[in-house]
Amino acid sequence: MTDQKKLSDLTWREFKKLSLVEKGGYFQGDPPHTLIAQQFTRAKLEELCTLATKIKRINKRRDGANFLKTLLSDKRAMLYFAQPSSRTYLSHNAACQILGLDTMDVRDTKTSSEVKGESPEDTIRTFSSYVDMIIMRHPTGGFAERVAWMLAHTNREIPVLNAGSGSDQHPTQALLDIYTLERSFEKTGGIDGKHVMFVGDLLRGRTVRSLAWMLSLYTDMTLYFVAPEPLQIGQDILDLLDQAGTKYVVTDDFSSVMPLADAIYMTRIQDEWDADGESSTIDTSAFGIGAEHMDVIKDTTVIMHPLPRRKEISTDIDNDPRAVYWRQMRNGMWIRAALILTTFGRQDEVNRYYDDYKPEA
Amino acid sequence: MTDQKKLSDLTWREFKKLSLVEKGGYFQGDPPHTLIAQQFTRAKLEELCTLATKIKRINKRRDGANFLKTLLSDKRAMLYFAQPSSRTYLSHNAACQILGLDTMDVRDTKTSSEVKGESPEDTIRTFSSYVDMIIMRHPTGGFAERVAWMLAHTNREIPVLNAGSGSDQHPTQALLDIYTLERSFEKTGGIDGKHVMFVGDLLRGRTVRSLAWMLSLYTDMTLYFVAPEPLQIGQDILDLLDQAGTKYVVTDDFSSVMPLADAIYMTRIQDEWDADGESSTIDTSAFGIGAEHMDVIKDTTVIMHPLPRRKEISTDIDNDPRAVYWRQMRNGMWIRAALILTTFGRQDEVNRYYDDYKPEA
Amino acid sequence: MTDQKKLSDLTWREFKKLSLVEKGGYFQGDPPHTLIAQQFTRAKLEELCTLATKIKRINKRRDGANFLKTLLSDKRAMLYFAQPSSRTYLSHNAACQILGLDTMDVRDTKTSSEVKGESPEDTIRTFSSYVDMIIMRHPTGGFAERVAWMLAHTNREIPVLNAGSGSDQHPTQALLDIYTLERSFEKTGGIDGKHVMFVGDLLRGRTVRSLAWMLSLYTDMTLYFVAPEPLQIGQDILDLLDQAGTKYVVTDDFSSVMPLADAIYMTRIQDEWDADGESSTIDTSAFGIGAEHMDVIKDTTVIMHPLPRRKEISTDIDNDPRAVYWRQMRNGMWIRAALILTTFGRQDEVNRYYDDYKPEA
């Protein structure tokens, strides 16, 4: 887009009325915010994947790792995790450390001064006062957007990175999934044209919703949504795919579609969102994968999972080369480092270093 | 003073008997401790304010920020917060990070080995063993002084910085308030001769008590204590002001004195110190400030608040240029960095760098 | 040993059957793990003690401290403390900071995604994904060994440092004890031939068990186990000493053996391991030390304690030069820094720096 839309020009009411894609247009300013999957273009996704791989390779050498730590050594970030999450917290923290970005964290809402009757907006503005970036996870849907909007109306707007808000958005998880798919299909023509299968609790897993949208940016995809009927993907996602012209299949018959997949994306039952234990009344036994399926799927199929898992993936297949979920998790660290670096606009320093030293793959 | 008084020469009983000002004379040793507002001279306050501004300006440039991080990169500090406090914790932590000072923190008393029956003195001595400085907040009044005294009687005395103890002292809050006043009155002749108004819960807010004392070091001040009678300032503070010859007004009529103020320092009702919910029986509705007062106060008046706020300041005035409380909060980070740096006696390195590079304001 | 034994060659069942000393042979690989006291040879102990002293001396100078921080600045460690422990946590954290090793920590098991039904193995594998080393403390005996074995069977084995597991092993505590003894006896011929006395709860203190074993590597030692009968040292340790040919005395009469000691190692009653408050029924009053014993013990005797203490050591003797428990605690930081550095094989960089600059003692 030619003239950048500014978040500070909108009232909250105006902002709320926008579609997700429209909102995305307001997050590319200075500073940029990372709030929703729908703000990413395919070009941006490819830029981030390329940068993540460069960072990963540079980091393998001691002098490379020490170079990376100079990139953001003059900045500080707040890790505000009002909802427990080891994985997302640790990978963001590690990404910051790779870039030399100092972090402070608030992980337990009880230690904050909310106990003194402060509003959530004031609390966040407080946190923002001492740092150059906020990375936040919050149980309330849309809260990260609210924070970005609020900071845009102060004289000290800093970038907000949404590390998961409520049940709606978790954009960096979708980024790491895209990065994992891209790496997995590196030698087979890339993501375009692949069959990607989502399995499990598709209703409440924000990951699947974000990733499905991002995959609609690629050409000739076929997505499969495989779930028991009460946990099937929302119609809003299917509408988005229809608009984008992305093919999809909705089914509850895992075993019959399994052989078609290039990637099988497993998810766990998100019973923490249950109103009244309804998950326990649903038979999910047919929505798992284990040693008995290894001959059914293709030799080139990759098995992914956002983790943590329960029983939907048997530990028996952890050492199968097609099980990429542990690598996928580590990919989160690299793609987040790439994202944070671009947030501060310093990716060219990595590009130059990479061109000079050409670290091996 | 010519010959430095040594904390290690006193028994605890002797130390306890001293007045606050007398005590202050014992905290200027090697290492210096920061324990009470009364230990500061006007010269020291001015030195810290000047240094804070230099640090703030140097930090704006990437190479400046990287220079600052070399200043204490060979030191480690303990952040021991036995009482929850986002703001004080984060600003001290940020100040340490600005100076490259590594930190470790104990924020939850349950994770400490107090559960194994250790005495508080042993616990603190343990913490002190691994670091070069302790920054501590504790619910027990006088505990930070006790710690400094105790460490002075070991062979490894390290500086103690009191980040709030009980209801009695919070000296770095007073420092950041002085720094904010100094910056606010930079173009109008400085703090001397100004009218500073304190509003709200003056009985239990340790901030006001410390700041009032510090302001007595300036000339021709007029202080206003504006509070409902049961929450009015303690007689001990008024006695100190009398001794110093500082003028003051005690009133419960906010609206009539409001136009006289150069600075209005709002505070919240500290009902966490209530014995039995007595705060709720006091009518505090007349001790707030909002849009309706913006025409009553002067154009040059600054509105301050130690934060967190409740309803005593309406969010409607947050964007009024006279509302400086958010800037005030961020000032805490800079003045604490200045304080920590002087604790280790390395302020000259900043002065030299500043003179060489003259960063813009 | 000529050809290195590999943990990845063993099933868990095979590994479990090995003796402690046999197990130790499997922890010296690449990367090395630190899991049990029995994996150390005397040569390794001496190497670590020498290295710890060099690090300590180099750290005294500002440029030395800054040099040390370059040693592992390209690495990251996870501090996973599923059991509260100020002392062990802080000293490991400080050791990492001395070496410039970035750390992330998980100290509260509730913040981990165990709440989402993840297995402990998956949780640890997650933590390991983002770092180059795990330093862990866990209430389950043998869990650290399980983790090392598990990681050895993945394609990303990283070193595991056991910072205390259940009631069985706490090898770095034993290391700091050895280091303290070595420093204490530096001018009296070293550890060989000394009389070392253990007092208190010898049944459940893992520290004493590990240290007793390590002392069996020295020649002509006499160990004294002084405890009320129900808390006396286990027969397994005495069997080990018998095998090693180390002399020992088992007694409940502290006062009569006290004058014989070169080192008195006090311990507290570990009543957190009580099944039903049985500790309170045991008379432990004769197993303490205080001012009244200072004339009974030798002038050269050192009094040690792993801390935290309760009443078994009177604070009255804290300033007696023979009371070395506070120094002992700080020694933990230096020996852990030495251990972590050797884990990454970079001790030669310290040796070279030390030879070039020869810092004073």
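Quick summary incoming for the structure in this document.

Re the interface of chain A and chain C
Often the size quoted for an interface is simply the accessible area lost on bringing the parts together.
Here comes step 1: In this assembly, 27 residues from chain A lie in contact with 29 residues from chain C.
Here comes step 2: For the pairing of chain A and chain C, the buried interface totals around 2700 Å² over both sides, and the portion due to carbon and sulfur atoms is 46%.
Here comes step 3: On the chain A side of the contact with chain C, Arg62(A), Leu90(A) and Trp326(A) bury the most area, a combined 25% of that side's loss.
Here comes step 4: The tally of links from chain A across to chain C stands at five salt bridges.
Here comes step 5: Residue Arg107(A) pairs with Asp105(C) through a salt bridge whose shortest N-O separation is 3.5 Å.
Here comes step 6: Our count for the chain A to chain C interface comes out at twelve residue pairs in polar contact (both at pLDDT 80 or more).
Here comes step 7: Within the residue set of the side of chain A that touches chain C, elements represented by two or more residues are helix H4 (62–68), helix H5 (86–98) and helix H12 (325–343) of chain A.
Here comes step 8: With eight residues, the single largest contributor to the side of chain A that touches chain C is H5(A).

Digging into the packing of helix H3 (residues 42–59) of chain A against helix H8 (residues 171–184) of chain A
Residue and element names in this part refer to chain A.
Here comes step 1: Two elements in contact, H3 and H8, have axes separated by 10 Å at closest approach and are oriented at 75°. Between H3 and H8, the angle falls in the class roughly perpendicular. Across from Leu45, Leu48, Cys49, Ala52, Thr53, Lys56 and Arg57 in H3, the residues of H8 making contact are Leu175, Ile178, Tyr179, Glu182 and Arg183.
Here comes step 2: Here the contact of H3 with H8 is composed, by residue class, of seven nonpolar, one polar and four charged.

A look at the relation of the copies chain A and chain C
Here comes step 1: Laying chain A over chain C is done by rotating through 120° and shifting 0.0 Å along the axis; what remains is an RMSD of 0.0 Å. The superposition operator between the copies reduces to a three-fold rotation axis.

Quick notes on the layout of surface pockets
Here comes step 1: Here the second largest pocket defines a volume of roughly 1300 Å³.
Here comes step 2: Lining the second largest pocket are 47 residues, with Asn155(A), Lys56(B), Arg327(B), Arg330(B) and Asn331(B) positioned closest to its centre.
Here comes step 3: The set of elements that each furnish at least two residues to the lining of the second largest pocket consists of helix H6 (120–129) of chain A together with helix H3 (42–59), helix H4 (62–68), helix H8 (171–184) and helix H12 (325–343) of chain B.
Here comes step 4: Residue contributions to the lining of the second largest pocket peak at seven residues, all from H12(B).
Here comes step 5: When the residues that make up the lining of the second largest pocket are grouped by side-chain class, the tally is twelve nonpolar, 13 polar and 22 charged.

Some remarks on the sheet that holds strand E7 (residues 247–251) of chain A
As a general point, the strands of a sheet are linked pairwise by backbone hydrogen bonds and lie either parallel or antiparallel.
Residues and elements named next belong to chain A.
Here comes step 1: Ordered in space as E7-E6-E5-E8-E9, the five strands form an open sheet in which the pairing is parallel. The open sheet has two edge strands, E7 and strand E9 (302–304), and neither has a second partner. With strand direction ignored, the average angle separating the axes of adjacent strands in the sheet is 15°.
Here comes step 2: Two elements, strand E6 (residues 222–226) and E7, share five bridges in a ladder whose sense is parallel. Within the sheet, the bridge partner assigned to leucine 223 lies in E7 and is tyrosine 248.
Here comes step 3: Along the sheet face, helix H10 (residues 235–244) touches E6 and E7 and points at about 155° away from the line of E7.

Calculation notes
Residues numbered from 1 in each chain as written. Chains lettered and ligands numbered in written order. Predicted model: local features only at pLDDT ≥ 70, side-chain atom pairs only at ≥ 80, totals over all residues. Heavy atoms only, no water. Contact = heavy atoms within 4.5 Å. Buried area = accessible area lost by both parts, 1.4 Å probe. Salt bridge = Lys/Arg side-chain N within 4 Å of Asp/Glu carboxyl O. Polar contact = N/O pair within 3.5 Å; in protein donor to acceptor, adjacent residues only side chain to side chain. Helix = DSSP H or I, 4+ residues; strand = E, 2+ residues; numbered from the N terminus. Axes fitted to C-alpha atoms, helices over the stretch in contact; angles between N-to-C directions. Parallel < 35°, antiparallel > 145°, perpendicular 65-115°, else oblique. Nonpolar A, V, L, I, M, F, W, Y, C, P; charged D, E, K, R; others polar. Least-squares fit on C-alpha atoms with pLDDT ≥ 70 in both. 1 Å grid on protein atoms, 1.4 Å probe; cavity = no way out; pocket = protein on both sides within 12 Å on 5 of 7 lines; lining within 4 Å. Points joined across faces, edges and corners; volume = space filled by probe spheres on them. Pairing = 2+ DSSP bridges.

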